[in-house]
Amino acid sequence: MSVRTIAAIATPLGEGGISVIRISGEDAISIADKCFYAFSGKALSALDGYMAAYGKVVDNNGSALDDAVALVFRAPKSYTGENVVEISVHGGTVIARQVLRRVLECGAVLATGGEFTKRAFLNGKLDLTKAESVMGLISARNDAAAKISRGAREGRISRDTQDILNKLLETAASLAAFADYPDEDIPNLNEENFAALLDECRFKCEKLISTYDTGRIIREGINCAIVGKPNVGKSTLMNMLCGSDRSIVTNIAGTTRDVVETTVNIGDVTLNLADTAGIHDTNDTVEKFGVDKAKEKIDNAELLLAVFDNSSAIDNDDRQLLGSIKDKKCIIILNKTDLPQQFDKQELSCFETIEISAREGNGMAELCSAINRVCKLEMLSPDDTVLINERQRDCVNRALNAVVSASDALAYGMTLDAVGVCIDDAIAALLELTGKRVTNEVCDEIFKRFCVGK
Ligand code: GDP
């Protein structure tokens, strides 16, 4: 069955320097030749791969739509592994759409979401983990998230998975040999060795899975609530972190009555921040509603920044708050350190505490390292392999469970066939991870999350 040539706008729609219309498929070059004329007079089909031509895109009457540069890639040396032409025109929604329409008139069909990358996968240019990393790179919200996806793009997940696969395949082959020739004295073929190999696989799967949560925090940001009683400086802290007046700051208690939310990048981390109403006893109906919402935020937050006022003595509201957060992931922020100290710091001794003056804008670096410590981000080395989505975690988890079952089967003296079946399950889960053995449904599910043009 012949594969249709697809086209889409590859750049975001809007005003910008250039827009790129990407065409991929066997007929990409001949289709582009129908609507693009090089000023040199040379057809694109006469160009080698990686060559560019300057010319114009014309409509069906021969009128110019725009000046353009056409870049030719010849199969298999392209992103998709097919013939590809990328036509760059002036940036702007109307021109890009007109050129795309013209390309479709000339014989291409509109690409679906992720179809270019899906073709790259089907043509063996990328495995699934690398394809998914492309999406991760595009959607990265901070440097660390981009770093993790770059690592996956360079093949770290594939490499580590292959490492485990090799061990499992070695174990499966040895088991088969052992089952066939139980009386032969073949070196290294004994149950102790099988158990050791399985242990190694288990350790490697567990290590991969352990990176997932940190990776998720880095990718999606930490849901973080700023809490504390009124007037301790929560809104001032929020504004310091945002670098703008996101929350209203006054010395009138109860000014922030609702939850104010925003997203900020602190060092390598994205915080999905919520500034909450001060938690205290109140009879004011509106304020009470805000306090209830603040309590809900505390329950749902992954990290709490609990603010206390260095310039006043600790009171019952403070103690109540400390009691309610003691089992949560939190950082105590002792604010207003520019004023004389009244707060008894002893009461904070069992918490991760930093001292700042939000009004003066100092303490950012300390906060940044406290977040890294509390969220254990500093344990992640730049060279670590990090699983980047739930599908990957699920595959490795299934492999881990199967490896554990294989070890148990071996320990309980079950038949070697039973051990072999568990190892086959582990192998299947890892082959699904890299896409070497994956159903069309899973494949479609993965690529439909991509944007059109990628
Ligand atoms: P919130 O009710 O906890 O959100 O507190 P605000 O951020 O509205 O601040 C209450 C008052 O404390 C305001 O008058 C702020 O200017 C003042 N304030 C906040 N942070 C500091 C600080 O670091 N030092 C001093 N001296 N005053 C501060």
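Note that this is a predicted model, so its numbers are computed, not measured.

Calculation criteria
Residues numbered from 1 in each chain as written. Predicted model: local features only at pLDDT ≥ 70, side-chain atom pairs only at ≥ 80, totals over all residues. Heavy atoms only, no water. Salt bridge = Lys/Arg side-chain N within 4 Å of Asp/Glu carboxyl O. Helix = DSSP H or I, 4+ residues; strand = E, 2+ residues; numbered from the N terminus. Buried < 20%, exposed > 50% of the residue type's maximum accessible area, 1.4 Å probe, protein only. Pairing = 2+ DSSP bridges. Near = heavy atom within 4 Å. Polar contact = N/O pair within 3.5 Å; in protein donor to acceptor, adjacent residues only side chain to side chain. Areas by Shrake-Rupley, 256 points an atom, 1.4 Å probe, with all protein chains shown as cover. Axes fitted to C-alpha atoms, helices over the stretch in contact; angles between N-to-C directions. Contact = heavy atoms within 4.5 Å. Domains from an automatic or database assignment. Buried area = accessible area lost by both parts, 1.4 Å probe. Nonpolar A, V, L, I, M, F, W, Y, C, P; charged D, E, K, R; others polar. Lys, Arg positive; Asp, Glu negative; His and termini not counted. Parallel < 35°, antiparallel > 145°, perpendicular 65-115°, else oblique. Left-handed = near helix turned anticlockwise from the far one by under 90°.

K.L.:
Help me out: how do you make sense of the pattern of salt bridges in this one?
P.N.:
Opposite charge on two side chains allows them to pair when their charged atoms are near. According to the stated counting rule, one finds 21 salt bridges in the structure shown. The partner of Asp-315 in a salt bridge is Lys-229, and the shortest N-O contact between them spans 2.8 Å. Placement of the pair is Asp-315 in the loop between strand S11 (303-309) and helix H10 (316-325) and Lys-229 in the loop between strand S8 (222-227) and helix H8 (234-242), with a sequence separation of 86 residues. Among the residues examined, Lys-229 registers a relative accessible area of 12% and is labelled buried. Glu-432 is the salt-bridge partner of Arg-398, the closest N and O atoms lying 3.1 Å from each other. Within this pair, whereas Arg-398 is found in helix H12 (residues 390-411), its partner Glu-432 is found in helix H13 (residues 416-434), the two being separated by 34 residues in sequence. Assessed through its relative accessible area of 34%, Arg-398 is described here as partly exposed.

K.L.:
Can you help me understand the pairing of strand S2 (residues 18-24) in this one?
P.N.:
A regular strand places its side chains so that they alternate between the two faces of the sheet. The buried fraction of S2 is high, at six of seven residues. Of the pairings in the sheet, the one linking strand S1 (residues 6-9) to S2 comprises four bridges and is antiparallel in character. Note on S2: the bridge partner recorded for Ala-8 is Arg-22. Of the pairings in the sheet, the one linking S2 to strand S6 (residues 84-90) comprises seven bridges and is antiparallel in character. Bridge pairing links Ile-23 to Val-85 in S6.

K.L.:
Teacher, can you tell me more about the site of the ligand here?
P.N.:
Surrounding the ligand, one finds 18 residues, the nearest of these being Asn-231, Lys-234, Ser-235, Thr-236 and Asp-338. Take Gly-233: an N or O atom from its main chain is 3.0 Å from an oxygen atom of the ligand. One of the backbone nitrogen or oxygen atoms of Ala-358 is found 3.0 Å away from an oxygen atom of the ligand. Compared with its free state, where it exposes 580 Å², the ligand has 91% of that area covered by protein.

K.L.:
Even after reading the chapter, I still don't get the sheet that holds strand S13 (residues 353-355), so can you show me in this structure?
P.N.:
Across a sheet, paired strands are connected by hydrogen bonds in the backbone, their directions being either parallel or antiparallel. The sheet built from six strands is open, its strands ordered S9-S10-S8-S11-S12-S13 with mixed pairing. Taken across any chain shown, the strands that pair with only one partner, and hence form the sheet edges, are strand S9 (260-266) and S13. Neighbour to neighbour, the strand axes of the sheet diverge by 25° on average, direction disregarded. Two elements, S8 and strand S10 (residues 269-275), share five bridges in a ladder whose sense is parallel. Bridging across to S10, Asn-223 finds its partner in Asn-272. Across the sheet, H10 touches S8, S11 and strand S12 (330-335), and the angle it forms with S11 is around 160°.

K.L.:
Explain the sheet that holds strand S5 (residues 64-73) here, please?
P.N.:
Taken together, seven strands build an open sheet; the order of strands is S3-S4-S5-S6-S2-S1-S7 and the sheet is mixed. Unpaired on one side and paired on the other, strand S3 (36-38) and strand S7 (109-110) mark the two borders of the sheet. Two elements, S3 and strand S4 (residues 51-58), share three bridges in a ladder whose sense is antiparallel. Paired with Tyr-37 across the bridge in S4 is Lys-56. The strands touched by helix H1 (residues 28-35) are S2, S3, S4, S5 and S6; relative to S3, the strand with the most contacts, the crossing angle is about 80°. Helix H2 (residues 93-105) rests against S1, S2, S4, S5, S6 and S7 of the sheet, and its axis sits at about 175° to S1.

K.L.:
Before we go on, may I ask you to explain the domain arrangement of the chain in this structure?
P.N.:
In many analyses, interface size is given as the accessible surface area lost on bringing the parts together. Domain annotation for the chain reports domain 1 (6-127), domain 2 (142-211 + 386-435) and domain 3 (218-379). With nine residues of domain 2 at the interface, the matching set in domain 3 holds six residues. Summing both sides of the interface, domain 2 and domain 3 together bury roughly 570 Å²; the carbon and sulfur share of this comes to 53%. Where domain 2 meets domain 3, there are zero salt bridges. Taken together, the connections running from domain 2 to domain 3 amount to one residue pair in polar contact (both at pLDDT 80 or more). Looking at side-chain class alone, the side of domain 2 that touches domain 3 contains five nonpolar, two polar and two charged residues.

K.L.:
Help me understand unusual backbone geometry in this model?
P.N.:
Keep in mind that most residues, glycine aside, have a negative phi and that most peptide bonds are trans. Pro-76 follows Ala-75 through a cis peptide bond whose omega is 5°. Mapped onto the elements, Pro-76 comes out in the loop between S5 and S6. Notably, Asn-231 is not glycine yet its phi reads approximately 75°, a positive angle. With respect to the secondary-structure elements, Asn-231 resides in the loop between S8 and H8. Taking relative accessible area as the criterion, Asn-231 reaches 33% and is therefore assigned partly exposed. The phi dihedral of Lys-336 falls on the positive side, at around 65°, and the residue is not glycine. Mapped onto the secondary structure, Lys-336 falls in the loop between S12 and S13.

K.L.:
I would appreciate a short explanation of the side chain of Arg-219 in the present structure.
P.N.:
With respect to the helices and strands, the residue Arg-219 is situated in helix H7 (residues 191-220). Of the side chains with opposite charge, Glu-220 comes closest to the buried, unpaired Arg-219, at an N-O distance of 4.1 Å. Of note is the side chain of Arg-219, whose polar atom sits 3.2 Å from the backbone oxygen of Ile-388. If sequence neighbours within four positions are ignored, Arg-219 has contacts with Arg-141, Ala-145, Tyr-212, Leu-387, Ile-388 and Asn-389.

K.L.:
Mind showing me how you'd approach the packing of helix H6 (residues 156-180) against H13 here?
P.N.:
Two quantities define a packed helix pair, namely the angle between the helix axes and the distance between the axes. One way to put it is that H6 packs onto H13 with a least axis distance of 10 Å and a crossing angle of 160°. By the angle class used here, H6 and H13 are roughly antiparallel. Classified by chirality, the crossing of H13 by H6 is left-handed. Contact residues: H6 offers Ile-157, Ser-158, Thr-161, Ile-164, Leu-165, Leu-168, Leu-169, Thr-171, Ala-172, Leu-175, Phe-178 and Ala-179, while H13 offers Leu-416, Val-419, Gly-420, Ile-423, Ala-426, Ile-427, Leu-430, Leu-431, Leu-433 and Thr-434. Residue classes in the contact of H6 with H13 are distributed as 17 nonpolar, five polar and no charged.

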